[in-house]
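# Notes for the structure review
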Amino acid sequence: CISRTMNWRPLRATLAFAALLAVASADLFTSIADMQLLMDSEKYIPTVLDKYIKQEQQRLKELRDLVTDYNVRNEKQMENGIKDLTNPINAFLMIKRKIFDWRDIEHHMKANGAEGFLQRISDANYGIRSPTEEDLTGAAIGLLRLQDTYRLDTKQLADGLIYNVQSNYTFNAFDCFEIARAAYNQEDYYHVIPWMEEAMARLEKEDPPTANLNDILEYLAFAMYKQGNLKRALKLTEELFRNDPTHPRAKGNVKWYEDLLEQEGVRKSEMRKNLPRVSNERPQSGLENSERNMYEALCRNEVPVSPKQLSALYCYYKRDRPFLILAPVKVEIVRYKPLAVLFRDIISDAEIETIQELATPKLARATVQDSETGKLVTATYRISKSAWLKGYDHPVVERVNQRLDLMTNLEMETAEELQIANYGIGGHYDPHFDHARKEEVKAFADLGTGNRIATVLFYMSQPQIGGGTVFTDVKSTVFPTKNDALFWYNLLRNGEGDARTRHAACPVLVGIKWVSNKWIHEIGQEFRRPCGLTMHDHERYVGDLGGPLPRDAPNFSAYPKKK
């Protein structure tokens, strides 16, 4: 039976294990005949045991080979260290290897009833959860996000090449198939096509093969159909049928694709001729196309800053508080309108290490504020893990909170706790506002501290490639520099949200990204940052941060130029 709806799916290949159970009568003692059969069965026990011993010897040999293989692999991992995880290709393969290798180990050990040993190994895993199919899917989707954002070629990515940086591993046909299948399960047919084609190309060169050609053909044919390539879907399905005439769906799907082509006015004689180029348009996302394109271009650092804008930027020492006279803060203005500054060398390596150690046990999937309920929920447009640290958790956290007061000249009593975030494979945060908009009336209601007036973002690591903070409205990018902190105001002087602060976190292509952020709220800032007298008073920000303002700074009406 062939489903002709849009929800058609190829059946997934699964491994089925059958256990034969010999059921004996519970009342053997009531029948001599049954007792006789039981006695006769004892003569077969030596034969059965001898067969079992041979199987055990073979199984133990395979386990010894696994031990040797793992020792070699562990030595290689010790040499490479954390570098294996900073590359998304290596990280994906590690998750996949962990899943499939463990299945292989279980298969060998359970043959001897070694469930107890397996449980002890799992218990000794230091509380670290073993990866699951969901983890593998998430890693694959993360790779696809990186591919889109940074315009990576499928073949080069499968070869382990990222911007001329070669990873330690490459993908085989099955790896490519798994990535494509993950996209398929998300109904992302745009990515299924290139990755299934890459799987097929690699399969032709493999001996022994790591994937099943018929599985690839079936998935690829349906993806071609969904992307509007009916003739190619028909061609692939006919190849599948030739390879396996007994395939449960191939023959019916050939007829189905022929019917669809006939409905489009294609004559039967033309269905296998003049195959057009593959059509594979990228689907719409949750973002407007223009914003998505700008976001990705900014992540790739393809949006230039004019020399005129750069010439107005400058650095200074912040000394406007008594403590800062002896220990000034280095401030670099990175953008006006809206103002964004970098506090340079504001957090030490030792402080970063302490904060990471405190946060790591608490890391959980990052959440966002639901605009309707005001509750925190997970979302696909924010992929990272985060933890929250209170001032009393450690003196270092309290010291950072006090330093934030000196940096920003804002009250920290009503600020949120310090949030620490770590991004994984393809981890990102799509364009968003930190402040609540007018229609989000329930946002931060539980806090009772008003809206988020400003954001401080500490960079606690420096990825090799990617991981920038981009502002899509004003078209600017700030790449992470370790030990620095990025600061901007979310609200105008009149208390309204500044739409120009819409920003995003780009996915990390190569490297590790750790950040911590402080969201500062408006309650308590009445004397620290009072309302402005005019509509444009919100532009006069540098004075709030104790900085000298050059008279040629752009559009600062409060500081008129000399005649």
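Within an unreviewed UniProt entry, the label attached to the protein reads procollagen-proline 4-dioxygenase, and the organism entered is Pristionchus fissidentatus. One UniProt comment on the protein, placed under Cofactor (unreviewed entry), says "L-ascorbate".

## Observations concerning the overall build of the protein
Helix and strand counts for the protein stand at 17 helices and 20 strands. Burial analysis of the protein (563 residues in total) assigns 46% to the buried set. Long-range contacts, defined here as pairs at least 24 residues apart, represent 73% of the contacts in the protein between residues at least 6 apart. By element, 54% of the accessible surface of the protein is carried by carbon and sulfur atoms, the whole surface being about 31,100 Å².

## A look at the pattern of salt bridges
On inspection of all chains with the given rule, the structure shows 33 salt bridges. The partner of Arg272 in a salt bridge is Glu238, and the shortest N-O contact between them spans 2.5 Å. In this pair, Arg272 sits in the loop between α12 (250-263) and α13 (289-299) while Glu238 sits in helix α11 (residues 230-243), placing the two residues 34 residues apart along the sequence. Judged by its relative accessible area of 17%, Glu238 is buried. Here Glu417 ties to Lys390 by a salt bridge, and the two come within 3.1 Å at their closest N and O atoms. Note that Glu417 is positioned in the loop between α17 (395-408) and β11 (418-423) and Lys390 in the loop between β10 (385-389) and α17, a separation of 27 residues in sequence. Through salt bridges with shared partners, a single ionic network connects Lys155, Asp159, Glu198 and Arg202.

## Comments concerning α11
Look at α11: 20 Å from first C-alpha to last across 14 residues, which is about the 20 Å you get at 1.5 Å a residue. Residues of α11 that are buried: Leu230, Lys231, Ala233, Leu234, Leu236, Thr237, Glu238 and Leu240. Each element contacted by the buried residues of α11 is listed here: α9 (189-203), α10 (213-226) and α12.

## A look at the packing of aromatic side chains
Applying the stated criterion across every chain yields a total of 18 aromatic pairs. With a centroid separation of 5.5 Å and an interplanar angle of 50°, the aromatic rings of Phe222 and Tyr225 are classed as tilted. Taken as a pair, Phe222 and Tyr225 lie in helix α10 at a separation of three residues, close to a single helical turn. Exposure class is identical for Phe222 and Tyr225. Each is buried. Relative to Tyr257, the ring of Tyr225 lies with its centre 5.8 Å away and its plane at 50°, an arrangement referred to as tilted. Taken as a pair, Tyr225 in helix α10 and Tyr257 in helix α12 lie far apart in primary sequence, 32 residues in all. Here a set of aromatic residues connected by ring pairs shows up, and it is made of Phe174, Phe177, Tyr184, Tyr189, Tyr219, Phe222, Tyr225, Trp256 and Tyr257.

## As for the state of the cysteines
What the rule picks out here adds up to one disulfide. The disulfide bridge from Cys299 ends at Cys506, spanning 2.0 Å between sulfur atoms. Residues Cys299 and Cys506 are joined through a disulfide that is left-handed, its torsion about the S-S bond being -90°. A residue pair is termed long-range when its members are at least 10 positions apart, and Cys299 in helix α13 and Cys506 in the loop between β18 (503-505) and β19 (508-510) qualify at 207 residues. For Cys299, a relative accessible area of 3% puts it in the buried group.

## Considerations on the packing of α9 against α10
One way to put it is that α9 packs onto α10 with a least axis distance of 9 Å and a crossing angle of 150°. The angle between α9 and α10 falls in the class roughly antiparallel. The crossing of α9 and α10 is left-handed. Contact with α9, carried on its side by Tyr189, Val192, Ile193, Met196, Glu197, Ala199, Met200 and Leu203, involves Leu213, Ile216, Leu217, Tyr219, Leu220, Phe222, Ala223, Met224 and Lys226 of α10 and no other residues of that element. In the contact of α9 with α10, the residues fall into 15 nonpolar, no polar and two charged.

## Some details on the sheet that holds β11
If you trace the nine strands from one edge of the open sheet to the other, you get β3-β4-β5-β17-β13-β20-β11-β10-β6, paired in antiparallel fashion. With partners counted over all chains shown, the strands left at the sheet margins are β3 (315-318) and β6 (364-365), one partner each. Two strands pair when backbone bridges link them, and strand β4 (residues 329-335) and strand β5 (residues 340-344) are joined in this way by five bridges, in the antiparallel orientation. In the strand pairing of β5, Arg335 is matched with Ala340. Along the sheet face, helix α16 (residues 349-359) touches β10, β11, β13 (452-459) and β20 (513-521) and points at about 105° away from the line of β10. Along the sheet, α17 makes contact with β3, β5, β10, β11, β13, β17 (485-489) and β20, crossing β13 at roughly 120°.

## Looking at the nonpolar core
If you look at the biggest cluster of nonpolar residues, it comprises 69 residues, and the most contacted ones within it are Phe92, Phe171, Trp195 and Tyr257. Sort the elements by how many residues they give to this core and α10 lands first, with nine residues.

## Quick look at the pairing of β3
Burial of β3 is one-sided: the residues Tyr316 and Lys318 facing one way are buried, the residues Cys315 and Tyr317 facing the other way are not. Note that β3 and β4 share four bridges and pair antiparallel. Paired with Tyr316 across the two strands is Val331, which belongs to β4.

## Section: α9
Taking 1.5 Å per residue as the helical rise, α9 with its 15 residues ought to reach 21 Å, and the 21 Å between its terminal C-alpha atoms agrees with that figure. The buried fraction of α9 is high, at 11 of 15 residues. Residues of α9 that are buried: Tyr189, His191, Val192, Ile193, Trp195, Met196, Glu198, Ala199, Met200, Arg202 and Leu203. Among the structural elements, α6 (133-149), α7 (154-158), α8 (173-185), α10 and α11 are those in contact with the buried residues of α9.

Conventions used here
Residues numbered from 1 in each chain as written. Predicted model: local features only at pLDDT ≥ 70, side-chain atom pairs only at ≥ 80, totals over all residues. Heavy atoms only, no water. UniProt positions renumbered as here; feature names shortened; annotations may be inferred. Helix = DSSP H or I, 4+ residues; strand = E, 2+ residues; numbered from the N terminus. Buried < 20%, exposed > 50% of the residue type's maximum accessible area, 1.4 Å probe, protein only. Contact = heavy atoms within 4.5 Å. Areas by Shrake-Rupley, 256 points an atom, 1.4 Å probe, with all protein chains shown as cover. Salt bridge = Lys/Arg side-chain N within 4 Å of Asp/Glu carboxyl O. Expected span 1.5 Å × (residues − 1). Phe/Tyr/Trp six-rings, centres within 6.5 Å; stacked < 30°, edge-to-face > 60°. Disulfide = S-S within 2.5 Å. Axes fitted to C-alpha atoms, helices over the stretch in contact; angles between N-to-C directions. Parallel < 35°, antiparallel > 145°, perpendicular 65-115°, else oblique. Left-handed = near helix turned anticlockwise from the far one by under 90°. Nonpolar A, V, L, I, M, F, W, Y, C, P; charged D, E, K, R; others polar. Pairing = 2+ DSSP bridges. Core = buried A, V, L, I, M, F, W, Y, C linked by side-chain atoms within 4.5 Å.

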